[in-house]
Amino acid sequence: QVRLVESGGGLVQAGGSLRLSCAASGSIFSINAMGWHRQVPGKRRELVTSISIGGSGSTNYADSVKGRFTISRDSAKNTVYLQMNSLKPEDTGRYYCTALRATGWDYWGQGTQVTVSS
């Protein structure tokens, strides 16, 4: 089992920034990558960004956040960060830290709310 605990959500004005953190514990050896999914009301959950755990830490971003969001990791702390800049109202949603195993995105945190006001 892997436990994921997020922090750092909140309310921010459009154009502002927020930084989310996710601390992982448990059977971390089973994880291939970590990511952030978000749930926007009325829409399906989407994968916003991901970072591989091993090697160089390759990253991927959804087109909607490229150039504005940055995912990073601190391997010593088993922690992943999501720096969100130039936030837009459409970024509002619940952000979930997730962990990828060979079988899929099997582990999810409890989520943290991000609200961007216009």
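Residues numbered from 1 in each chain as written. Predicted model: local features only at pLDDT ≥ 70, side-chain atom pairs only at ≥ 80, totals over all residues. Heavy atoms only, no water.

What to know about the environment of Val-80
Stage number 1. Tracing the backbone shows Val-80 in strand β8 (residues 79–84).
Stage number 2. Relative accessible area serves as the criterion here: at 2%, Val-80 is assigned to the buried category.
Stage number 3. Sequence-wise, Val-80 and Cys-22 are 58 residues apart; in three dimensions their C-alpha atoms are separated by 5.2 Å.
Stage number 4. The contacts of Val-80, once residues within four sequence positions are left out, are Leu-20, Ser-21, Cys-22, Met-34, Trp-36, Ile-51, Ile-71, Ser-72 and Arg-73. (Helix = DSSP H or I, 4+ residues; strand = E, 2+ residues; numbered from the N terminus. Buried < 20%, exposed > 50% of the residue type's maximum accessible area, 1.4 Å probe, protein only. Contact = heavy atoms within 4.5 Å.)

Some thoughts on the environment of Asn-85
Stage number 1. Topologically, Asn-85 is positioned in the loop between β8 and β9 (93–101).
Stage number 2. Once the C-alpha coordinates of Asn-85 and Thr-70 are considered, the two residues, 15 residues apart in sequence, prove to be 8.5 Å apart.
Stage number 3. Look past the residues within four positions of Asn-85 in its chain and what remains in contact with it is Gly-16, Ser-17, Arg-68 and Phe-69.
Stage number 4. Among the polar contacts listed, one links the side chain of Asn-85 to the side chain of Ser-17, at a separation of 2.9 Å. (Polar contact = N/O pair within 3.5 Å; in protein donor to acceptor, adjacent residues only side chain to side chain.)

Quick word on the pairing of β8
Stage number 1. Of all six residues in β8, five are buried, a share of seventy percent or more.
Stage number 2. When strand β3 (residues 18–26) meets β8, the two strands line up antiparallel, connected through six bridges. Paired with Leu-20 across the two strands is Leu-82, which belongs to β8.
Stage number 3. In this structure, strand β7 (residues 69–74) lies alongside β8, joined through six bridges in antiparallel fashion. Opposite Ile-71, over in β8, you have Leu-82 as the bridge partner.
Stage number 4. Remark: four residues form the turn of the hairpin made by β7 and β8, two consecutive strands paired antiparallel; Asn-78 in that turn has positive phi of roughly 50 degrees. (Pairing = 2+ DSSP bridges.)

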